[in-house]
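Coordinates in review
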Amino acid sequence: LIALFTVFWKLALCSLAAYPLARMHFRGRRLVFGVILATLVLPSEANFLVNFITVTKLSLVDSYTGVILPNVVTAVAIVLLKPAFEEVPQDLYHHQLVL
């Protein structure tokens, strides 16, 4: 149950972050992606401590939400989804269905 909800929300939310980085051109796009990549350098112990403090402050300790929420949006998922969106041909995005 935890894995199912984690994967569903991870795909939904990380796709919302990866798609604009792959397809939209806006000022600061490279900077945002660089910051996301930079978070991969942090040791996992630092993330674990911050996640535990956040879950404790939200009173989510000993709940499914407390396990799922910290693992929903990750830099690894965004970094893996961005090239996947870039590989889809541009023609598929602009194709209109004519009835």
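Figured I'd write up the structure that's included with this text. Just so it is clear, the structure is predicted and the values come from calculations on it, not from any experiment.

Moving on to the nonpolar core. Counting residues in each nonpolar core, the largest one holds 11 residues, listed as C14, A18, L21, A22, F33, I36, A75, A77, I78, L81 and F85. Of all the elements, helix α5 (residues 75-87) adds the most residues to this core, at 5 residues. Beyond its immediate stretch of four places on either side in the chain, I78 contacts C14, A17, A18, L21, I36 and V73.

Per the stated rule, a full pass over the model turns up 1 salt bridge. Residue K82 pairs with E86 through a salt bridge whose shortest N-O separation is 2.7 Å. In this pair, K82 and E86 are both assigned in helix α5, 4 residues apart and thus about one turn of the helix distant. Note on K82: relative accessible area 14%, which makes it buried.

Of note, C14 is situated in helix α1 (residues 2-23). Sequence separation between C14 and L80 is 66 residues, and the spatial gap between their C-alpha atoms is 9.6 Å.

Here we take up the side chain of R23. Inspection of the secondary structure assignment puts R23 in helix α1. One buried charged residue, R23, remains without a salt bridge, the closest side chain of opposite sign being E86 at 7.5 Å. Of note is the side chain of R23, whose polar atom sits 3.0 Å from the backbone oxygen of F85.

Let us now look at the packing of α1 against α5. Where α1 meets α5, the axes come as close as 8 Å, and the angle between the chain directions of the two elements is 55 degrees. The orientation of α1 relative to α5 falls into the category oblique. Between α1 and α5 lies a crossing of right-handed hand. The segment α1 lies against α5, with K10, C14, S15, A17, A18, Y19, L21, A22 and R23 engaging A77, I78, L81, K82, F85 and E86. Tallied by class, the residues present in the contact of α1 with α5 amount to 10 nonpolar, 1 polar and 4 charged.

Reading the values: the criteria
- Residues numbered from 1 in each chain as written.
- Predicted model: local features only at pLDDT ≥ 70, side-chain atom pairs only at ≥ 80, totals over all residues.
- Heavy atoms only, no water.
- Core = buried A, V, L, I, M, F, W, Y, C linked by side-chain atoms within 4.5 Å.
- Buried < 20%, exposed > 50% of the residue type's maximum accessible area, 1.4 Å probe, protein only.
- Helix = DSSP H or I, 4+ residues; strand = E, 2+ residues; numbered from the N terminus.
- Contact = heavy atoms within 4.5 Å.
- Salt bridge = Lys/Arg side-chain N within 4 Å of Asp/Glu carboxyl O.
- Lys, Arg positive; Asp, Glu negative; His and termini not counted.
- Polar contact = N/O pair within 3.5 Å; in protein donor to acceptor, adjacent residues only side chain to side chain.
- Axes fitted to C-alpha atoms, helices over the stretch in contact; angles between N-to-C directions.
- Parallel < 35°, antiparallel > 145°, perpendicular 65-115°, else oblique.
- Left-handed = near helix turned anticlockwise from the far one by under 90°.
- Nonpolar A, V, L, I, M, F, W, Y, C, P; charged D, E, K, R; others polar.

The values are spatial; any link to function lies outside them.
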